[in-house]
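Residues per chain are reported as follows:
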Amino acid sequence: MSPSLSDTTQSRSGQSSTGSWVEFEQKQLQSPSQQRLQPFLKSLQQLLTSIWAQKTRWGLALLSLGLGIFTWAWLGAGARLDPYTAAVLSLEGQVSHGASLFALNCAACHGEEADGRVGPSLRGVSSRRSDRFIIQQVTGGKTPPMPQFQPDPQEMADLLSYLKTL
Ligand code: HEC
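Residues numbered from 1 in each chain as written. Predicted model: local features only at pLDDT ≥ 70, side-chain atom pairs only at ≥ 80, totals over all residues.

Near the ligand you find 21 residues, and of these Cys-106, Cys-109, Gly-119, Thr-143 and Met-146 are the closest. Taken together, the elements giving at least two residues each to the shell around the ligand come down to helix H7 (107-110), helix H8 (125-128) and helix H9 (131-140). Here the residues of the shell around the ligand are counted per class, giving 14 nonpolar, five polar and two charged. (Near = placed C-beta within 6 Å. Helix = DSSP H or I, 4+ residues; strand = E, 2+ residues; numbered from the N terminus. Nonpolar A, V, L, I, M, F, W, Y, C, P; charged D, E, K, R; others polar.)

The phi angle of most residues is negative, glycine excepted, and most peptide bonds adopt the trans form. With an omega of 10 degrees, the peptide bond between Pro-144 and Pro-145 qualifies as cis. Position of Pro-145 relative to the elements: it lies in the loop between H9 and helix H10 (153-163). Positive phi is not limited to glycine here, since Ala-114 has a value of about 60 degrees. Structurally, Ala-114 is set in the loop between H7 and H8.

Moving on: the nonpolar core. In this structure, Val-88, Ala-114, Leu-122, Ile-134, Ile-135, Val-138, Met-156, Ala-157, Leu-159, Leu-160, Tyr-162 and Leu-163 together form the largest nonpolar core, which totals twelve residues. Going through the elements one at a time, H9 and H10 are the ones with two or more residues in this core. Setting aside chain neighbours within four positions, we find Leu-159 in contact with Gly-98, Leu-101, Phe-102, Val-138 and Pro-151. (Core = buried A, V, L, I, M, F, W, Y, C linked by C-beta atoms within 7 Å. Buried ≥ 20, exposed ≤ 12 C-beta atoms within 10 Å, placed from the backbone. Contact = placed C-beta atoms within 7 Å.)

Packing of helix H5 (residues 83-90) against H10 leaves a shortest axis separation of 8 Å and a crossing angle of 60 degrees. The orientation of H5 with respect to H10, classified from their angle, is oblique. Crossing geometry of H5 relative to H10 is assigned as right-handed. Counting all contacts with H5, which are made through Tyr-84, Ala-87 and Val-88, the residues of H10 involved are Pro-153, Met-156, Ala-157 and Leu-160. Partitioning the contact of H5 with H10 into residue classes produces seven nonpolar, no polar and no charged. (Axes fitted to C-alpha atoms, helices over the stretch in contact; angles between N-to-C directions. Parallel < 35°, antiparallel > 145°, perpendicular 65-115°, else oblique. Left-handed = near helix turned anticlockwise from the far one by under 90°.)

Now for H10. Most of H10 is tucked away: eight of the eleven residues are buried. Restricting attention to buried positions, one finds in H10 the residues Glu-155, Met-156, Ala-157, Asp-158, Leu-159, Leu-160, Tyr-162 and Leu-163. In this structure, the buried side of H10 is in contact with H5, helix H6 (95-105), H8 and H9.

Below is the structure:
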């Protein structure tokens, strides 16, 4: 009989005779296979400890590299245009059509001459605001009482090019 087998048998019988689970588990913990495992676990622990101690600089380097990539991806996602905005910006706007869209939809609040009424003056707005901001302002509906408009990309491009003439 191999030592491990006899050991198991002993612990089993010990458990059945005394009915003590604690004794049973203690016996199990001391089984030869686990005794053989212990040095291995110990050296694994030592290995990890030494890696941690010696390669901390590499760890930090890797960590900052990871953080860098994360930030880059995050900023990239922020800079990426949504499909609507990308479509608007890819189109060439018609100022005259933009002017009539403005007269119909915007002049009541921003003034016939875009010099401001309920809404602020839009003179020189394109020097204060980015294209993306203006598109978001018109389509976002985030600043009541200005309503949310849903111009198709060409109409938005037309409006944008008109606003740039103000
Ligand atoms: C019901 C009135 C109303 C209408 C109609 C309206 N706006 Fe406005 N708009 C406002 C008000 C009020 C603000 C100020 C919002 C705020 O920032 O609190 C504003 C702000 C803006 C701004 C931002 C200006 C800046 O300097 O930040 C832009 C650009 C703009 N409107 C464009 C338009 C365009 C283009 C249209 C037509 C498609 C339009 N608005 C129609 C009321 C209106």
